[in-house]
Amino acid sequence: MNHKTTDSPVAIVTAASRGMGSAIARELATRGYRLALMSRSDDVLKLADELAETTPSLGFTGSVAEKEDLERLVATALDHFGRIDAVVNNTGHASKGDLLEITDEDWHAGLDLLILNTVRMARLVAPIMEREGSGGAFVNISTFAAFEPSLDFPVSSALRAALGSFTKMFADRYGPVGIRMNNVLPGYIETYKTPNAILESIPLKRQGSVEEIANTVAFLLSNDAGYISGQNIRVDGGLTRSV
């Protein structure tokens, strides 16, 4: 039976069909959020149906790189739930390759996937939060390579460094009305097998779990993190060396 009320907070989670996105959706469901979930995979519809057993949940198929899909997601979530309190901007992976062999098309695709998705979502949702007058929070899933760039992830490293700058500017602009934005920078997470040589370079000597990412995201969305905004939170087992 559904025990969630119309006073329960509402969260949008993108790329929610599996991995970190799915774990985030499940964790937020346990914390009382009503959910609007989107992914390119039909699996997101199954997840929404499953979570709907305990919390109101909507599932959408669409891409974060498509402006029209984001507009449909936000409009339907607002129409159905009447409010939006939280957004988790999760995405897929950008193209990889030798630095100067990456095409213009791949760089432009990365821009849509890794930065403009967040800009467009903020453009849609921040005015809603501001009108509601009760604040709100965004969390963007980034990467540990955002500030220690790696040739293994050239598009992601470059563009997610820019995401860090956008996040700080958003925090400056919307902090006065109580709307926060932070980035989570995962290290090597269990969704992909990590070579032993890399595991040995991680102080905790293991991959992170999707649940650990989900718990961090849930914290940053919560009132417990109410004085945290414009930050890049590394969840990488101590892998990165910068201080």
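Residues numbered from 1 in each chain as written. Predicted model: local features only at pLDDT ≥ 70, side-chain atom pairs only at ≥ 80, totals over all residues. Heavy atoms only, no water.

### Overview of the layout of surface pockets
With a probe scaled to a water molecule rolled over the atoms, the places where space remains empty come into view.
At step 1: By volume, the largest pocket amounts to about 940 Å³.
At step 2: Along the walls of the largest pocket sit 38 residues, with M20, T91, G92, H93 and Y192 positioned nearest its centre.
At step 3: Tallying contributions element by element places helix α1 (residues 19-30) first for the lining of the largest pocket, with three residues.
At step 4: Taken together, the residues of the lining of the largest pocket break down into 14 nonpolar, 19 polar and five charged.
At step 5: Size it by volume and the second largest pocket reaches roughly 400 Å³.
At step 6: Taken together, 21 residues form the lining of the second largest pocket, with G136, R180, L221, S222 and N223 sitting closest to its centre.
At step 7: Listing elements by their share of the lining of the second largest pocket, those giving two or more residues are β5 (136-141) and β6 (179-186).
At step 8: Looking at the lining of the second largest pocket residue by residue, the classes come out as nine nonpolar, nine polar and three charged. (1 Å grid on protein atoms, 1.4 Å probe; cavity = no way out; pocket = protein on both sides within 12 Å on 5 of 7 lines; lining within 4 Å. Points joined across faces, edges and corners; volume = space filled by probe spheres on them. Helix = DSSP H or I, 4+ residues; strand = E, 2+ residues; numbered from the N terminus. Nonpolar A, V, L, I, M, F, W, Y, C, P; charged D, E, K, R; others polar.)

### Comments concerning the pattern of salt bridges
At step 1: Under the criterion given, the structure shown has nine salt bridges.
At step 2: Between R26 and E50 there is a salt bridge, with its nearest N and O atoms 2.6 Å apart. A residue pair is termed long-range when its members are at least 10 positions apart, and R26 in helix α1 and E50 in helix α2 (residues 43-51) qualify at 24 residues.
At step 3: R26 gets classed as partly exposed once you look at its relative accessible area, which sits at 35%.
At step 4: The exposure class of E50 is partly exposed, given its relative accessible area of 42%.
At step 5: In this structure, E200 and K205 form a salt bridge, with 3.7 Å as the shortest nitrogen-oxygen distance. (Salt bridge = Lys/Arg side-chain N within 4 Å of Asp/Glu carboxyl O. Buried < 20%, exposed > 50% of the residue type's maximum accessible area, 1.4 Å probe, protein only.)

### Overview of empty space enclosed by the protein
At step 1: In the structure shown here, the tally under the stated rule is one cavity of 30 Å³ or more.
At step 2: In this structure, the largest cavity encloses a volume near 30 Å³.
At step 3: Around the largest cavity, the lining residues are N89, T91, L113, L114, N117, T118, N140, I141, R160 and L163.
At step 4: Sorting the residues of the lining of the largest cavity by element identifies α4 (104-132), β5 and α5 (154-174) as the ones contributing at least two each.
At step 5: With four residues, α4 is the largest single contributor of residues to the lining of the largest cavity.
At step 6: Tallied by class, residues from the lining of the largest cavity come to four nonpolar, five polar and one charged.

Geometric descriptors of this kind do not, in isolation, establish any biological role.
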